[in-house]
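Geometric and topological summary
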Amino acid sequence: MDQPFASLHLTGRFVCVIGSGGKTTLLWYLSSRLDDTVILTTSTQIFPFPDIPLVDSGTEDTPENRKRIIHEIRSSLAISRVVNVGQLLPSGK
């Protein structure tokens, strides 16, 4: 891991970012510095990172849609170490 992570003591496989400001910037920073595969997702509205593939999750919670999402995530990770997963809204977020 990059030096900035030494003080964070990141030991798990998941990192959760919460707070009232700077989450998007921190997510981009962390994902650009980690050496491993990163899947970015959020419960809030953020603009997708332009240089990171977006897997549009859609709105349907069906077995077929879950299979499609998993397939698209795997395909995206074959070309990029970092992937956004979420539903693209009309606002672009």
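For the structure given in this document, a descriptive report is provided here. A quick note: this is a predicted structure, and the numbers were derived from the prediction, not measured.

Re the overall build of the protein chain
Scanning the protein chain from N- to C-terminus turns up two helices and three strands. Order of helices (α) and strands (β) in the protein chain, N terminus to C terminus: α-β-β-α-β. Projected onto its principal axes, the C-alpha coordinates of the protein chain cover approximately 40 × 30 × 25 Å. A total accessible area of about 6800 Å² is found for the protein chain, and carbon and sulfur atoms account for 57% of it. Side chains of the protein chain give 9 positive and 9 negative charges; the mean places of these two sets differ by 3 Å.

Considering the sheet that holds strand S3 (residues 82-86)
Across the sheet, which stays open at both edges, the three strands sit in the order S1-S3-S2 with parallel pairing between neighbours. Every interior strand has two partners, whereas the edge strands, strand S1 (38-40) and strand S2 (54-56), have only one. On average, adjacent strands in this sheet sit at an angle of 25° to one another, irrespective of strand direction. As defined by bridge partners, S1 adjoins S3 across three bridges and the pair is classed as parallel. Of the residues in S3, the one forming a bridge with Ile39 is Val83. The strands that helix H2 (residues 63-77) touches are S1, S2 and S3; relative to S2, the one it contacts most, it runs at about 170°.

Thoughts on the nonpolar core
For soluble globular proteins, the rule of thumb is that nonpolar side chains tend to be buried together. By size, the foremost hydrophobic cluster in this structure holds eight residues: Val17, Leu27, Leu30, Val38, Leu40, Phe49, Ile52 and Val82. Residue assignment for this core shows that the elements contributing at least two residues are helix H1 (23-33) and S1. Sequence-distant contacts of Leu40, defined by excluding residues within four places in its chain, comprise Leu27, Ser31, Phe49, Ile52, Val82, Val83, Asn84 and Val85. Core analysis: the second largest hydrophobic core is formed by five residues, Val55, Ile73, Val83 and Val85 among them.

Some thoughts on the pairing of S3
It is a general feature of regular strands that their side chains alternate between the two faces of the sheet. In terms of burial, S3 is largely enclosed, as four of its five residues are buried. For S2 and S3, the ladder comprises three bridges, and the chain directions are parallel. Opposite Val55, over in S3, you have Val85 as the bridge partner.

With respect to H1
Those residues of H1 that sit buried are Leu27, Leu30 and Ser31. On an axial view of H1, the arc spanned by its buried residues comes to 95°, and they lie on one face. Of the surrounding elements, those touching the buried residues of H1 are S1 and S3.

About the cut-offs
- Residues numbered from 1 in each chain as written.
- Predicted model: local features only at pLDDT ≥ 70, side-chain atom pairs only at ≥ 80, totals over all residues.
- Heavy atoms only, no water.
- Helix = DSSP H or I, 4+ residues; strand = E, 2+ residues; numbered from the N terminus.
- Areas by Shrake-Rupley, 256 points an atom, 1.4 Å probe, with all protein chains shown as cover.
- Lys, Arg positive; Asp, Glu negative; His and termini not counted.
- Charge placed at Lys NZ, Arg CZ, Asp CG, Glu CD.
- Pairing = 2+ DSSP bridges.
- Axes fitted to C-alpha atoms, helices over the stretch in contact; angles between N-to-C directions.
- Contact = heavy atoms within 4.5 Å.
- Core = buried A, V, L, I, M, F, W, Y, C linked by side-chain atoms within 4.5 Å.
- Buried < 20%, exposed > 50% of the residue type's maximum accessible area, 1.4 Å probe, protein only.
- Arc of directions from axis to C-beta.

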